[in-house]
Amino acid sequence: MARKIDIELTSRRDDGAWTWRAPGAKQPRGLVAGTLLPDAATVGDVLRAEAEFELEGITIVSVSPAEHKERKDEQLIELLGPRRPAEGVSVTYAGGRRRRDERGRSEGDG
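Residues numbered from 1 in each chain as written. Predicted model: local features only at pLDDT ≥ 70, side-chain atom pairs only at ≥ 80, totals over all residues. Heavy atoms only, no water.

So, about a nonpolar patch on the surface. On the surface, Val89, Val91 and Tyr93 cluster together into a nonpolar patch covering about 430 Å² of accessible area. Position of Val91 relative to the elements: it lies in the segment after strand 5 (57-65). (Patch = residues over 30% accessible without salt bridge, like charges linked within 9 Å, V, L, I, M, F, W, Y side chains within 5 Å. Areas by Shrake-Rupley, 256 points an atom, 1.4 Å probe, with all protein chains shown as cover. Salt bridge = Lys/Arg side-chain N within 4 Å of Asp/Glu carboxyl O. Helix = DSSP H or I, 4+ residues; strand = E, 2+ residues; numbered from the N terminus.)

Structure representation (structure tokens):
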């Protein structure tokens, strides 16, 4: 049974096939026949594909243009903070233990 997935075209091979990956992934996942793609396909296009998942890998059965979802009610979060960069980090250690030098004296002892 075929499932619908989004694929991103990553490169075209000499034999006409294209490599693809999940959108945003780092490495290519498989091959898709160039005959399944639109004539104007370019590297970076995101398409909707029907894929069959088998033991040997994923086989792309058909490809169609991806459905773009327009969000009109997009909500943005405004970050408020100082305009200048923050200064370095200060560290305060818990008291109670003092370091001792090789003679057994605490720091600060004369």
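Spatial ordering of the open sheet is given by 3-2-1-4-5, a layout of 5 strands whose pairing is antiparallel. One side of each edge strand has no neighbouring strand; the edge strands of this open sheet are strand 3 (30-32) and strand 5. Across this sheet, the average inter-strand angle for adjacent strands is 50 degrees, counted without regard to direction. Of the strand pairs in this sheet, strand 4 (residues 46-54) and strand 5 are connected by 8 bridges, and their pairing is antiparallel. Directly across from Ala49, in strand 5, lies its bridge partner Val63. (Pairing = 2+ DSSP bridges. Axes fitted to C-alpha atoms, helices over the stretch in contact; angles between N-to-C directions.)

We now examine the confidence of the model for the protein chain. Per-residue confidence for the protein chain gives a mean pLDDT of 82; residues scoring 70 or more make up 79%. Mean pLDDT values over the elements of the protein chain span from 90, in strand 5, up to 94, in strand 2 (residues 18-21). (pLDDT = per-residue confidence, 0-100.)

Structurally, Thr19 is set in strand 2. The class for Thr19 is buried, based on a relative accessible area of 12%. Among the polar contacts listed, one links the side chain of Thr19 to the side chain of Thr10, at a separation of 2.3 Å. In contact with Thr19, not counting residues within four places along its chain, are Glu8, Leu9, Thr10, Ser11, Arg13, Pro28, Gly30 and Leu31. (Buried < 20%, exposed > 50% of the residue type's maximum accessible area, 1.4 Å probe, protein only. Polar contact = N/O pair within 3.5 Å; in protein donor to acceptor, adjacent residues only side chain to side chain. Contact = heavy atoms within 4.5 Å.)

Attention now goes to the packing of aromatic side chains. Going through the model one piece at a time under the given rule, you end up with 0 aromatic pairs. Here Arg3 stacks its cationic end above the ring of Phe53, 4.1 Å away from the centre of that ring. (Phe/Tyr/Trp six-rings, centres within 6.5 Å; stacked < 30°, edge-to-face > 60°. Lys NZ or Arg CZ within 6 Å of the ring centre and 35° of its normal.)

Here we take up the pattern of salt bridges. On inspection of all chains with the given rule, the structure shows 4 salt bridges. Of the charged contacts in the structure, one is a salt bridge between Arg48 and Asp6, with a shortest N-O distance of 3.1 Å. Here Asp6 lies in strand 1 (residues 3-12) and Arg48 lies in strand 4, a separation of 42 residues in the sequence. Under the relative-accessibility criterion, Asp6 is labelled partly exposed at 33%. One salt bridge connects Glu8 with Arg21, and the closest N-O pair in it is separated by 3.3 Å. In this pair, Glu8 is assigned in strand 1 and Arg21 in strand 2, connecting sequence segments 13 residues apart.

Grouped together as the largest cluster of nonpolar side chains are 14 residues, with contacts concentrated most on Val32, Leu37 and Ile60. Of all the secondary-structure elements, those providing two or more residues to this core are strand 1, strand 2, strand 4 and strand 5. Contact partners of Leu37, with chain neighbours within four places excluded, come to Leu9, Trp18, Val32, Leu47 and Val63. (Core = buried A, V, L, I, M, F, W, Y, C linked by side-chain atoms within 4.5 Å.)

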